[in-house]
Amino acid sequence: MSSKYNQWYHPYTPAKKFSKKVAYFSMEFGIDQALNIYSGGLGFLAGSHMRSAFELKQNQIGIGMLWKYGYYDQNRNEDQTMKADFTEKHFDFLEDSGLEVEIKLHDNPAVKVRAMVLKPEIFGTVPIYLLTTDVEGNDHLSRTITNHLYDSNEVTRVSQSIVLGLAGAKIVEALGGADVYHLNEGHGLPAFYYLRDQGVKKSQMVFTTHTPEKAGNEEREARFLNRCGFFGRNLSNDELSKEAVNGGMINYTVSALRMAKKSNAVSKLHAKVSQDMWKDFKGVSKIIPITNAQNQKFWQDDKIKKAAKTKNAKAFTKRKTELKSDLFSEVYMQTGKQFDPTILTIVWARRFAGYKRADLLLFDIERFERLISNEKYPVQIIWAGKPYPFDYGAIDSFNYLVNYSKPRKNITVLTGYEIELSKKLKEGSNIWLNTPRITREASGTSGMTAAMNGSVNVSTNDGWIPEFVKDSKNCFVFPEVDHNLPSWDQDRLDSESLYDILENKVLPTYYDSPKKWQEIVFNGIDDVLPEFGSKRMATQYYKELY
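Residues numbered from 1 in each chain as written. Predicted model: local features only at pLDDT ≥ 70, side-chain atom pairs only at ≥ 80, totals over all residues. Heavy atoms only, no water.

S.K.: Sorry, what's going on with the overall build of the protein here?
M.R.: Summing up its helical and strand segments, the protein has 19 helices and 19 strands in all. Whereas a compact globule of 546 residues would reach a radius of gyration of roughly 24 Å, the protein reaches 23 Å, a difference of no more than 12%. Within the protein, buried positions represent 62% of all 546 residues. For the protein, the proportion of contacts with a sequence separation of at least 24, taken over those separated by at least 6, is 73%. Of the roughly 21300 Å² that the protein leaves accessible, carbon and sulfur atoms contribute 49%. (Helix = DSSP H or I, 4+ residues; strand = E, 2+ residues; numbered from the N terminus. Rg over C-alpha atoms; globule rule 2.2 N^0.38 Å. Buried < 20%, exposed > 50% of the residue type's maximum accessible area, 1.4 Å probe, protein only. Contact = heavy atoms within 4.5 Å. Areas by Shrake-Rupley, 256 points an atom, 1.4 Å probe, with all protein chains shown as cover.)

Written as structure tokens, this is what we have:
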């Protein structure tokens, strides 16, 4: 039993400029491979934020969920195609905080929610309270709410939001309350409704919107949410109609934007896109840009960092070759293919979602075949990433790449894209390929950690890239296509740009002008830090949002 953490506590005296008490709510935290309860970018971002908050001695805590089965374990069927396994997780480094609250859910007046605490000394984060309903005394249905991150059952999914928001807010109350309540994305929205009823002022509520994707901005029927207990009490029809938009729907993002004193988008481009998306709704708060970032201490290889500091090309190449060999032993173990550390290696690794276009390289199969069989300029290509386990379209494109790459010796698909593999891919690649349709990627943080490790971004000009790009000097960027064109046309134009960049810029530079290549690599490392390190971001949140 941890007595210290049943109240607001940090193992340090918070720094003066970071003394405001902030509770940060997030559905997922990607902190360390050993705590695999996250799905992707949102979690990686929250994890980096909590690490930097600790390094800067901020007076902040995290409120999240303890997923009994994590997200899912990505394995293979017997023919190597993707298989989603759900395995119970045990984390003996989490401690019972001794805090338990009750919430009303649907017809159940007393669902118990317990908070387990991840203490700072475990992974170097601020304290994070992870909520579970898998508690003695709860009925079976209640105990299963915290089983699966982003459960596919709609009622369970709503219950998860209520646990994060409502129980999370009550846990913060039990800790003594916060000065600022920060929702990372709309999942924890019930917190705002509950806090507002408790007399917490608008000036204490802030919100981060993460995605321009329709699916990422949840919208559900107001009456249905009311029956579920979403608002922390039963709202009258009049009260409901004040909250509802689009003919009786509650849009989580719109509600959060209305209740927050200030909100932020996660890149400068995304701020423009979001302001445009929500401008027709009355009463929404101002949306400022605070560009996402990643934690340098955690993500950047020490020897790469040293070599970049002194611009020691020899030391850099030696270390990069070692890191490539590490990655290639993973390739060999999973797929039996032997990759060569001297060959330019391209990695595409992120969530498998349609708009991210994992298969853009294969748009023109003849041209792709020429690229992968060019003996003068050889390449190796690795794909990795997790589709949502019930997104059969995304799983199909994952499997298409698996089957396509099987007979070809220099292209492959890896499973198990979590923090550890992500690290290996960023450290061991020469090119980090990022191909979302323009305006669809709010920020994208994987390219930042790739750049920190001397992997050169080849990307569409979306998300954080416009703030970083010096084309052909620190990365390579596609010419912009009109994002209003039909997807087919965008894909055709972008794939042509991609082949052109690889054939005429990337490969000749890498093989024929190694000095110039090395310069681009070092420029990328210099330009990504400190601007896209999460110390800048965590500081900016205090200054501009809190």
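Having put the structure on the table, let's press on.
S.K.: Where do I start with the sheet that holds strand β15 (residues 379-384) in this structure?
M.R.: The strands making up a sheet are joined through hydrogen bonds of the backbone, oriented either antiparallel or parallel. The strand order β16-β15-β14-β17-β18-β19 describes an open sheet built from six strands, whose pairing is parallel. Here the strands that pair on one side only, and so sit at the sheet edges, are β16 (411-414) and β19 (476-477). One ladder, built from two bridges, connects strand β18 (residues 456-459) with β19; its direction is parallel. Along β19, the bridge assignment pairs S459 with V477. Its contacts with the sheet place helix α12 (residues 313-335) against β14 (344-349), β15 and β16, and it is angled at close to 80° to β16. (Pairing = 2+ DSSP bridges. Axes fitted to C-alpha atoms, helices over the stretch in contact; angles between N-to-C directions.)

S.K.: Would you mind going over the packing of α12 against helix α15 (residues 419-428) with me for this structure?
M.R.: Geometry of a packed helix pair, given as the angle between the helix axes and the separation of the axes. For the pair α12 and α15, interaxial distance at closest approach is 8 Å and the crossing angle is 135°. Classified by the angle their axes make, α12 and α15 are oblique. Relative to α15, the crossing made by α12 is left-handed. Where α12 approaches α15, its residues K320, L323, K324, L327 and E330 are matched on the opposing element by L421, K424, L425, K426, E427 and G428. Taken together, the residues of the contact of α12 with α15 break down into four nonpolar, one polar and six charged. (Parallel < 35°, antiparallel > 145°, perpendicular 65-115°, else oblique. Left-handed = near helix turned anticlockwise from the far one by under 90°. Nonpolar A, V, L, I, M, F, W, Y, C, P; charged D, E, K, R; others polar.)

S.K.: Honestly, the pattern of salt bridges in this entry has me stumped. Any pointers?
M.R.: If the charged atoms of two oppositely charged side chains come close together, the side chains can form a pair. Considering all chains together, one arrives at 33 salt bridges under this definition. For the salt bridge of R143 with D134, the shortest nitrogen-to-oxygen distance reads 2.9 Å. Take D134: its relative accessible area is 28%, and that puts it in the partly exposed class. Close ionic contact of K505 with D471 constitutes a salt bridge, the shortest N to O distance being 3.9 Å. With K505 in helix α17 (residues 487-512) and D471 in the loop between β18 and β19, the pair connects residues that are 34 residues apart, well separated along the chain. (Salt bridge = Lys/Arg side-chain N within 4 Å of Asp/Glu carboxyl O.)

S.K.: Would you explain the packing of aromatic side chains in this entry?
M.R.: Given two aromatic rings, their pairing is described by the distance between the two centres and the angle made by the two planes. This model, assessed by the stated rule, comprises 35 aromatic pairs. An angle of 40° between the planes, with centres 5.7 Å apart, marks the rings of F91 and F93 as tilted. Ring geometry for F468 and F532: centres 6.2 Å apart, planes at 80°, overall edge-to-face. Separated by 64 residues along the polypeptide, F468 in the loop between β18 and β19 and F532 in the loop between α18 (514-528) and α19 (534-545) bring together distant segments of the chain. Just as F468 is buried, F532 falls in that class too. A cation sits over an aromatic face here: R350 above W348, 5.5 Å from the ring centre. Positioned over the ring face of F298 is K423, at 4.1 Å from the centre of the ring. (Phe/Tyr/Trp six-rings, centres within 6.5 Å; stacked < 30°, edge-to-face > 60°. Lys NZ or Arg CZ within 6 Å of the ring centre and 35° of its normal.)

S.K.: I keep staring at a nonpolar patch on the surface and nothing clicks. Help me out?
M.R.: Among the surface-exposed residues, F86, F390 and Y392 lie close enough to one another that they form a single nonpolar patch of about 320 Å² accessible area. Within the fold, Y392 resides in helix α14 (residues 392-405). Y392 gets classed as exposed once you look at its relative accessible area, which sits at 56%. (Patch = residues over 30% accessible without salt bridge, like charges linked within 9 Å, V, L, I, M, F, W, Y side chains within 5 Å.)

S.K.: Where do I start with the side chain of N226 in this structure?
M.R.: Structurally, N226 can be placed in helix α6 (residues 222-228). The contact partners of N226, leaving out residues within four places of it in the chain, are F231, R233, N234, L235 and L240.

S.K.: Is there a simple way to think about the environment of A110 in this case?
M.R.: Mapped onto the elements, A110 comes out in strand β6 (residues 108-118). Taking the C-alpha atoms as reference points, A110 and R196, separated by 86 residues in sequence, lie 21 Å from one another. Beyond its immediate sequence surroundings of up to four residues, A110 is in contact with E102, I103 and N138.

S.K.: How should I be thinking about the sheet that holds strand β13 (residues 287-289) in this particular structure?
M.R.: Spatially, β5-β6-β7-β2-β1-β8-β9-β12-β13 is the arrangement adopted by the nine strands of the open sheet, whose pairing is mixed. With partners counted over all chains shown, the strands left at the sheet margins are β5 (95-105) and β13, one partner each. Direction aside, neighbouring strands of the sheet carry axes that sit 25° apart on average. Sheet analysis places β6 next to strand β7 (residues 128-132), joined by five bridges and oriented antiparallel. Its bridge partner lying in β7, V117 is registered against Y129. Against the sheet, helix α8 (residues 252-259) engages β9 (205-208), β12 (262-265) and β13, with an angle of about 140° to β9. Contacting β1 (22-25), β2 (60-65), β8 (180-184), β9, β12 and β13, α19 crosses the sheet at an angle of about 145° to β12.

S.K.: Any chance you could explain the pairing of strand β4 (residues 82-85) here in plain terms?
M.R.: A regular strand places its side chains on the two faces of the sheet in alternate fashion. Where strand β3 (residues 73-76) lies against β4, four bridges are found, and the strand directions are antiparallel. Following the sheet pairing, D73 is matched in β4 by D85. Between β3 and β4, which pair antiparallel and follow one another directly, the connecting turn spans five residues, one of which, Q80, has a positive phi of 80°.

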